[in-house]
Amino acid sequence: MTIDDDEKWLRDFFKHAKEEMLPKMKGSALSVVIAAEPDIKLCLEVGAAVLYDKPIVVVLPKGRAVGANLKRIASVIVEGEIGDPDFSQRLQDALKAVTDNDIRAK
């Protein structure tokens, strides 16, 4: 990539964030975050969820640790892999608990 390519990518990303991601986050009831290696998209989404005071549901893949700060801001942490037989139900239960019990999700 050249500097011009990087600049265009960043301009396009920031435009998308401003016009799409941030309005969707502002209007959402909560945020679901997969605990993964941080990238610019994940960082922006977590930061927006914090700044918009959204409940955060963290999906933690098995064998992965969650940092103390992410643990502190998480409304709930659901450990597992998407392919696990009971993971879908546990995630649904966690989402329901947050939407039923966290006034920020109303």
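The structure contained in this document is the topic of the report that follows. Treat the numbers as computed from the prediction; the structure is a model and nothing was measured.

## Describing the nonpolar core
In step 1: With 15 residues, the main nonpolar core has Met21, Met25, Val33, Ala35, Ile56, Val58 and Leu70 as its most contacted residues.
In step 2: Sorting the residues of this core by element identifies helix 1 (3-27), helix 2 (40-51) and strand 2 (56-60) as the ones contributing at least two each.
In step 3: Broken down by element, the residue count for this core peaks at four residues, all from helix 2.
In step 4: Apart from residues lying up to four places away in sequence, Leu70 is in contact with Ala35 and Val58.
In step 5: Core analysis: the second largest hydrophobic core is formed by eight residues, Val59, Phe87, Leu91 and Ala94 among them.

## What to know about the environment of Pro23
In step 1: Among the secondary structure elements, Pro23 is positioned in helix 1.
In step 2: Taking relative accessible area as the criterion, Pro23 reaches 44% and is therefore assigned partly exposed.
In step 3: Between the C-alpha atoms of Pro23 and Leu95, which are 72 residues apart in sequence, the distance is 21 Å.
In step 4: If we ignore the near neighbours within four places in the chain, the residues touching Pro23 are Ala17 and Lys18.

Conventions used here
Residues numbered from 1 in each chain as written. Predicted model: local features only at pLDDT ≥ 70, side-chain atom pairs only at ≥ 80, totals over all residues. Heavy atoms only, no water. Core = buried A, V, L, I, M, F, W, Y, C linked by side-chain atoms within 4.5 Å. Buried < 20%, exposed > 50% of the residue type's maximum accessible area, 1.4 Å probe, protein only. Helix = DSSP H or I, 4+ residues; strand = E, 2+ residues; numbered from the N terminus. Contact = heavy atoms within 4.5 Å.

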